[in-house]
Each structure stands twice: as structure tokens, then as C-alpha cells.
Amino acid sequence: MAQRTWQELPAWQRWTTAVLAPVELALTTAAAIDLARRPGPQVRGSKALWWPVLLVQPVGPVAYLLWGRR
């Protein structure tokens, strides 16, 4: 299967990617900063477990921000 270039994508896919990519980056950054600064007792579960979860896009950062913090 040949890969498409950016110009070959439909306009709606380019727009959606351009809008959602920065949102995903911001959520991941916010979650990583919060996890790094938050003391261990204020995190539900192990901090070591949450780090790889943050890499599961897009649900990892959202899961941490909603359920990972006390």
C-alpha cells in the first residue's frame, strides 16, 4: 500500500490533523508535567506504571488526568 503525501489527503483530514495534533501534544505535555511534579501518594497506582500509559495516544493522557490523580 502506497503512502499518501500531505497534499493527497482530503482537506477535512488535513484540517482535523492540524487541529487535533496540538491538542494531543498539549494534553500529553500537561499530564507528563503533572505526573513528574505530583508526589507519589497523590497518584492512584504507581507513577512508574503511569509513564508508559501516557504514551498510549490519545487515551493515556486523558485517563491519567481524569483517574490517575487523587
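Fair warning: this is a prediction, and the values are worked out from it, not measured in the lab.

1. Observations regarding the pattern of salt bridges
Scanning the entire structure with this criterion turns up 2 salt bridges. A salt bridge links D34 to R69, with the shortest nitrogen-to-oxygen separation between them at 3.8 Å. Note that D34 is positioned in helix α1 (residues 11-37) and R69 in the segment after α3 (59-68), a separation of 35 residues in sequence. Because the salt bridges share partners, they merge into one network encompassing D34, R38 and R69.

2. Considerations on the side chain of R38
Its location among the elements puts R38 in the loop between α1 and α2 (47-54). In this structure R38 touches V43, K47, Y64, R69 and R70, once residues within four positions along its chain are discounted.

3. Some remarks on the packing of aromatic side chains
Counted according to the given criterion, the structure contains 1 aromatic pair. Ring geometry for W50 against Y64: centres 5.4 Å apart, planes inclined by 70 degrees, an arrangement best described as edge-to-face. Here Y64 lies in helix α3 and W50 lies in helix α2, a separation of 14 residues in the sequence. For the pair formed by W50 and Y64, the shared burial category is buried.

Reading guide: rules and limits
- Every chain's residues receive numbers from 1 upward, in the order its sequence appears when written.
- For a predicted model such as this one, the threshold for reporting local features is a pLDDT of at least 70, and the threshold for listing and counting side-chain atom pairs is 80 or more; totals across whole chains, interfaces and linings nevertheless cover every residue.
- Where side-chain values are given, they derive from all heavy atoms of the structure, hydrogens and water being excluded.
- Salt bridges are defined as contacts in which a side-chain nitrogen from Lys or Arg sits within 4 Å of a carboxyl oxygen from Asp or Glu.
- Runs of E in the DSSP output that reach at least two residues are strands. Runs of H or I that reach at least four are helices, and both are numbered from the N terminus.
- Residues are treated as being in contact if the distance between any of their heavy atoms lies within 4.5 Å.
- By convention, a stacked pair of Phe, Tyr or Trp rings (six-membered ring in the case of Trp) has centres within 6.5 Å and planes under 30 degrees apart, an edge-to-face pair has planes over 60 apart, and any other such pair is tilted.
- Type-normalised accessible area, obtained with a 1.4 Å probe on protein chains alone, sets the label of each residue: buried when under 20%, exposed when over 50%, and partly exposed for intermediate values.

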